[in-house]
Amino acid sequence: MELLVALVFTAILTTGMLRIFASSVSGFYTQQESLGLQRASRFALGTVEDEVLQAGYLFPPRNLKGDLSIGSSGVQPPVLVQQTDYQPVWSDPNGTTITLPNVDELQFVQDLNLEVEGSLGADVAVGATSATVSIPSGKSVLDNYTKVTPTTPLIMVMLDSQINQVDMLRLASLEGSGGAYTATLDTASTGVDQFGNILGGGFFTGMFNNPHNAKAPCTFIATLQVVRYTVVPRALDPADPKHMIPCLVMQTTPLSRNAYFAPDKAAGPKPTDNWTERILVEGVTGFRVDMSLDGGKTFLRYKPDGTLQAGWDTWNNVYGKLDTAVKGALSSSSLLYPYTSQGLSNPIDPVWTNYLPVTFRLDVETRTRLARAEYGATPGTAGFRTRTVTMMISPKNFAHGGSQ
């Protein structure tokens, strides 16, 4: 009898201890997931901040009236914001699947500092149209941008010149191997477009205008690129190619005057494509972009409750509303009014962001890998825990720059 009582008592104690242990383990995992979620959200937004702060970068600064078309929503604008048709589908190994709201996209036209550095392998004389260049790393990056179109050349910038004597050289090809390459300049770079502007800007030449010594440093810039930020589905596990993970990406392509950048969301670029893609963060399930023309006092696209304003979804609709907003952003007494009164169709300078304190609000959402009962909205139902982080960014190449 005493043995039976002892066994029952021991069973009760063991059950209680197991429940406490299970609760502790569950609490530990949920806490770790929450911390990981917070880190992922902050990393995602920090990555986007670094990129968006460079929006509108032009080297050297110049007017793009000969490079951008105006007057239609079908051409590439200097800034594009719209809701895409992609709804991220989030699933976990246990089979829990959820379809999420549509994500936004944000596009800019700018020059890209490719952050690839090199140096001359030998002295170069004035008038030379080629040079040997040592590039320790990053050549594969440059290959994506070498002479894609005559109006969007890859530029080699010499860094040893005085500010008024900088050689900015149009590259036709960059051939070689093992870190040593021959840079052949684009000598056929003369000519004007329909507006009378020298193609690619009059700053870039097809020959060296200054002498340079061996080991003179240089860097590379891809001119007039369209940069696109959005969320797309990508198969990141080779063992499970059908499992798609929503990823925040940065996509680039040379500027095309007659159509805005709209790559296929379902697949990344093929080797023959003229656009590139870089995955910034995986597991991003929400991306919302709002815009302010008064430094963040009022925003245009989303209501305070987070729902989208009517007519601010696709670019065809956004174009008309943004055009009206730009026209009315400044009073007629403002010195900058002549540049904004024509909205998105200013023939003097189509980059209207040069004249208004544009601020973007970015909302990036991530969520836990696993659905757990602890996260469910109702008892006994598994759910995901989400984390949304927000940042205000004013690109520093616009009228007012910085992040908040």
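Residues numbered from 1 in each chain as written. Predicted model: local features only at pLDDT ≥ 70, side-chain atom pairs only at ≥ 80, totals over all residues. Heavy atoms only, no water.

## Points about the overall build of the protein chain
Filter applied, for reference: Numbering of helices and strands runs from the N terminus, with a helix taken as a DSSP run of H or I at least four residues long and a strand as a DSSP run of E at least two residues long. Whether two residues touch is decided by their heavy atoms; if any such pair falls within 4.5 Å, the residues are in contact.
What the protein chain contains, in helices and strands, is 4 helices and 15 strands. In the protein chain, the share of contacts with a sequence separation of at least 24, taken over all contacts with a separation of at least 6, comes to 69%.

## Re empty space enclosed by the protein
Heads up, the rule is: Here a cavity is any set of points on a 1 Å grid over the protein atoms alone where a 1.4 Å probe fits but cannot get out, and a pocket is any open set with protein on both sides within 12 Å along at least 5 of 7 lines; a residue lines the site when it has an atom within 4 Å of a point. Grid points are joined across faces, edges and corners, and a volume is the space filled by probe spheres set on the points.
According to the stated counting rule, one finds 1 cavity of 30 Å³ or more in the structure shown. Here the largest cavity is characterised by a volume of approximately 70 Å³. If you go around the largest cavity, the residues you meet are Ser69, Ile70, Gly71, Ser72, Val75, Gln76, Pro77, Pro78, Tyr319, Leu344, Pro350 and Trp352.

## Considering the nonpolar core
What counts, and what does not: Nonpolar core, defined: a set of buried Ala, Val, Leu, Ile, Met, Phe, Trp, Tyr and Cys residues in which side-chain atoms within 4.5 Å join the residues together. Buried means the residue's accessible area, taken with a 1.4 Å probe over protein chains only, is under 20% of the maximum for its type, while exposed means over 50%, and partly exposed covers the values in between.
Counting residues in hydrophobic clusters, the biggest one holds 68 residues, and the most contacted among them are Met156, Phe220, Met291, Leu322, Trp352 and Phe360. Ranked by size, the runner-up nonpolar core spans 10 residues in total, among them Leu68, Leu224, Phe261 and Trp275.

## Considerations on the packing of aromatic side chains
Selection rule: For this analysis, a ring pair means two rings from Phe, Tyr or Trp (six-membered ring only for Trp) whose centres lie within 6.5 Å, classed as stacked if their planes differ by under 30 degrees, edge-to-face if by over 60, and tilted for the remaining angles. By definition here, charges over rings are those cases where NZ of Lys or CZ of Arg is within 6 Å of the ring centre and within 35 degrees of the ring normal.
Considering all chains together, one arrives at 7 aromatic pairs under this definition. With a centroid separation of 5.5 Å and an interplanar angle of 80°, the aromatic rings of Phe108 and Phe360 are classed as edge-to-face. Here Phe360 lies in strand β13 (residues 359–367) and Phe108 lies in strand β4 (residues 104–120), a separation of 252 residues in the sequence. Each member of the pair Phe108 and Phe360 is classed as buried. Seen in terms of ring centroids, Phe108 and Phe398 are 6.1 Å apart; in terms of plane orientation they differ by 65°. Their pairing is edge-to-face. Of this pair, Phe108 sits in strand β4 while Phe398 sits in the loop between β14 (386–394) and β15 (402–403), and the two are 290 residues apart along the sequence. Of the two residues, Phe108 and Phe398, both sit in the buried class. Over the ring of Tyr302 we find Arg288, and its NZ or CZ is 4.8 Å from the ring centre.

## Description of the side chain of Gln225
Convention followed: Think of a polar contact as two N or O atoms within 3.5 Å of one another; within protein, one of them needs to be a possible hydrogen donor and the other a possible acceptor, and neighboring residues in sequence only count if both atoms come from side chains.
Following the sequence through the fold, Gln225 ends up in strand β9 (residues 217–234). Classification of Gln225 as buried rests on a relative accessible area of 2%. A polar side-chain atom of Gln225 sits 3.0 Å from the main-chain carbonyl oxygen of Thr223.

## Observations concerning the environment of Ser119
You can see Ser119 is positioned in strand β4. On the basis of relative accessible area, Ser119 is assigned to the partly exposed category, the value being 21%. With 100 residues separating them in the primary sequence, Ser119 and Thr219 have C-alpha atoms 8.3 Å apart. Every residue in contact with Ser119, bar those within four places of it in the chain, is listed here: Thr132, Val133, Ser134, Lys215, Ala216, Pro217 and Cys218.

## Quick look at helix α3 (residues 315–327)
Selection criterion: Here the expected length of a helix is defined as 1.5 Å per residue gap, with one fewer gap than residues. The directions considered for the arc are those from the helix axis to the C-beta atoms.
Compared with the 18 Å implied by 1.5 Å per residue over 13 residues, the 18 Å span of α3 between its first and last C-alpha is a close match. Those residues of α3 lying buried are Trp315, Val318, Tyr319, Leu322, Asp323 and Val326. Axial view of α3: buried residues confined to an arc of 135°, hence all on one face. Close packing links the buried residues of α3 with β1 (79–83), β12 (284–292) and α4 (337–340).

## As for unusual backbone geometry
Residues Phe59 and Pro60 are joined by a peptide bond in cis, for which omega reads -10°. Considering the arrangement of structural elements, one finds Pro60 in the loop between α1 (2–52) and β1. Despite not being glycine, Leu224 shows a phi value in the positive range, around 45°. With respect to the element layout, Leu224 can be found in strand β9.

## A short note on the layout of surface pockets
Using a probe with the size of a water molecule, rolled over the atoms, empty space left in the structure can be pinpointed. Let me state the cut-off plainly: Note that Gly is not counted as nonpolar here; it falls among the polar residues with everything else outside the nonpolar set of Ala, Val, Leu, Ile, Met, Phe, Trp, Tyr, Cys and Pro and the charged set of Asp, Glu, Lys and Arg.
Space inside the largest pocket adds up to approximately 630 Å³. Surrounding the largest pocket, 19 residues form its lining, Glu51, Leu112, Asn113, Met250 and Arg278 being those nearest its centre. Only α1, β4, β10 (245–254) and β11 (276–282) provide two or more residues apiece to the lining of the largest pocket. Of the residues belonging to the lining of the largest pocket, the class tally is 7 nonpolar, 6 polar and 6 charged.

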